[in-house]
Amino acid sequence: MEKKYLQQHQHNIVIHASALPQGKGWAPMFWQILEGKNEIPFSMFEASEGIDDGDIYMQKILHLNGYELNAELRNKQAEFIMQMCLEFLEHYELYKTPHQQKGESTVYAKRSAKDSKLDIHKTIHDQFNLLRIVDNESYPAFFEIEGNRYTLKIERADENRKL
């Protein structure tokens, strides 16, 4: 972010779903789910001119059960971020002095529609984390066979419905 905008406010707070300085960049929660993680760290930090490299106010862990799909993941993420904001405001004296990021920095790439491609040679179980994070409308899971492309949509089954 440009310095002229950062100077307009006492705080320019960002909450990012990674244990900064690891996991800077785009869609860190979803990349970590693809890595098989169900404990997702979130960092509240002061925005700076660099990408996700400001001083850290707090870090917390969001615990997932490993079966949430995209919409539920996004809801849990939003609720967790709101809880962190409220905690920051309610206990400002504890968090008002941030600390510098320490350790090796890593960066996640921006996800695109091509990142939703399934491998027809792997099992559904092997690719379940990918199925969990796809967006059925914007970037659905897909696979290709002999030049033909097919999309798959995933949703949790109604537990009361008989198969």
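Residues numbered from 1 in each chain as written. Predicted model: local features only at pLDDT ≥ 70, side-chain atom pairs only at ≥ 80, totals over all residues. Heavy atoms only, no water.

Trainee: Any details on the overall build of the chain? Residues and values, ideally.
Mentor: Secondary structure assignment for the chain yields 5 helices and 7 strands. Overall, the chain shows an N-to-C arrangement of helices and strands of α-β-β-α-β-β-α-α-β-α-β-β. Once the C-alpha set of the chain is aligned to its principal axes, its extents read approximately 55 × 40 × 25 Å. Considering the chain as a whole, with its 163 residues, one finds that 37% of them fall into the buried category. Of the contacts formed within the chain by residues at least 6 apart in sequence, a portion of 64% connects residues at least 24 apart. (Helix = DSSP H or I, 4+ residues; strand = E, 2+ residues; numbered from the N terminus. Buried < 20%, exposed > 50% of the residue type's maximum accessible area, 1.4 Å probe, protein only. Contact = heavy atoms within 4.5 Å.)

Trainee: So what's going on with the side chain of Ser43? Residues and values would help.
Mentor: Topologically, Ser43 is positioned in strand E3 (residues 39–46). Looking at Ser43, its side chain comes within polar contact range of the main-chain oxygen of Ser18, at 2.6 Å. Ignoring any residue separated from it by four or fewer positions in sequence, one finds Ser43 in contact with Val14, Ile15, His16, Ser18, Ala19, Leu20, Met58, Gln59 and Met84. (Polar contact = N/O pair within 3.5 Å; in protein donor to acceptor, adjacent residues only side chain to side chain.)

Trainee: Run through the packing of aromatic side chains, naming residues and quoting values.
Mentor: Counted according to the given criterion, the structure contains 7 aromatic pairs. Ring centres of Trp31 and Tyr108 lie 6.2 Å apart, and the angle between their planes is 5°; this geometry places the pair in the stacked category. In this pair, Trp31 is assigned in helix H2 (residues 28–34) and Tyr108 in strand E5 (residues 107–108), connecting sequence segments 77 residues apart. Here the two residues Trp31 and Tyr108 agree in accessibility, since each one is buried. For the pair Phe88 and Tyr92, a centre-to-centre distance of 5.5 Å together with 90° between the ring planes defines the contact as edge-to-face. With a relative accessible area of 5%, Phe88 lands in the buried category. Under the relative-accessibility criterion, Tyr92 is labelled partly exposed at 25%. In this structure an aromatic cluster arises from ring pairing among Tyr57, Phe88, Tyr92 and Tyr95. (Phe/Tyr/Trp six-rings, centres within 6.5 Å; stacked < 30°, edge-to-face > 60°.)

Trainee: With reference to specific residues and values, describe the pattern of salt bridges.
Mentor: Any two side chains of opposite charge can pair, on the condition that their charged atoms come close. One pass over the structure, following the stated rule, counts 11 salt bridges. Here Lys37 makes a salt bridge to Glu35, at a shortest N to O gap of 3.2 Å. Classification of Glu35 as partly exposed rests on a relative accessible area of 45%. What you see here is one network of salt bridges that share partners, running through Glu68, Lys76 and Arg132. (Salt bridge = Lys/Arg side-chain N within 4 Å of Asp/Glu carboxyl O.)

Trainee: Lay out the sheet that holds E3 with the relevant residues and their values.
Mentor: Pairing is antiparallel across the open sheet formed by 3 strands, whose spatial order is E1-E3-E4. Every interior strand has two partners, whereas the edge strands, strand E1 (13–16) and strand E4 (56–63), have only one. Adjacent strand axes in the sheet meet at a mean angle of 15°, parallel and antiparallel pairs treated alike. Pairing of E1 with E3, which is carried by 4 bridges, proceeds in the antiparallel orientation. Bridge pairing in E3 places Val14 opposite Phe45. Lying on the sheet, helix H3 (residues 70–90) is in contact with E1, E3 and E4; it crosses E4 at an angle near 145°. (Pairing = 2+ DSSP bridges. Axes fitted to C-alpha atoms, helices over the stretch in contact; angles between N-to-C directions.)

Trainee: An account of the layout of surface pockets is requested, with residue identities and associated values reported.
Mentor: Estimated volume of the largest pocket: approximately 230 Å³. As for the largest pocket, its lining consists of 15 residues, and the residues nearest its centre are Ala27, Pro28, Phe30, Arg74 and Arg111. At the level of elements, E1, H2 and H3 are the ones that each hand at least two residues to the lining of the largest pocket. In terms of residue count, the dominant contributor to the lining of the largest pocket is H2 (3 residues). By volume, the second largest pocket is sized at about 190 Å³. Along the walls of the second largest pocket sit Leu118, Asp119, Ile120, Lys122, Ile124, Gln127, Leu131, Ala141, Phe143, Leu152, Lys153 and Ile154, which together make up its complete lining. (1 Å grid on protein atoms, 1.4 Å probe; cavity = no way out; pocket = protein on both sides within 12 Å on 5 of 7 lines; lining within 4 Å. Points joined across faces, edges and corners; volume = space filled by probe spheres on them.)

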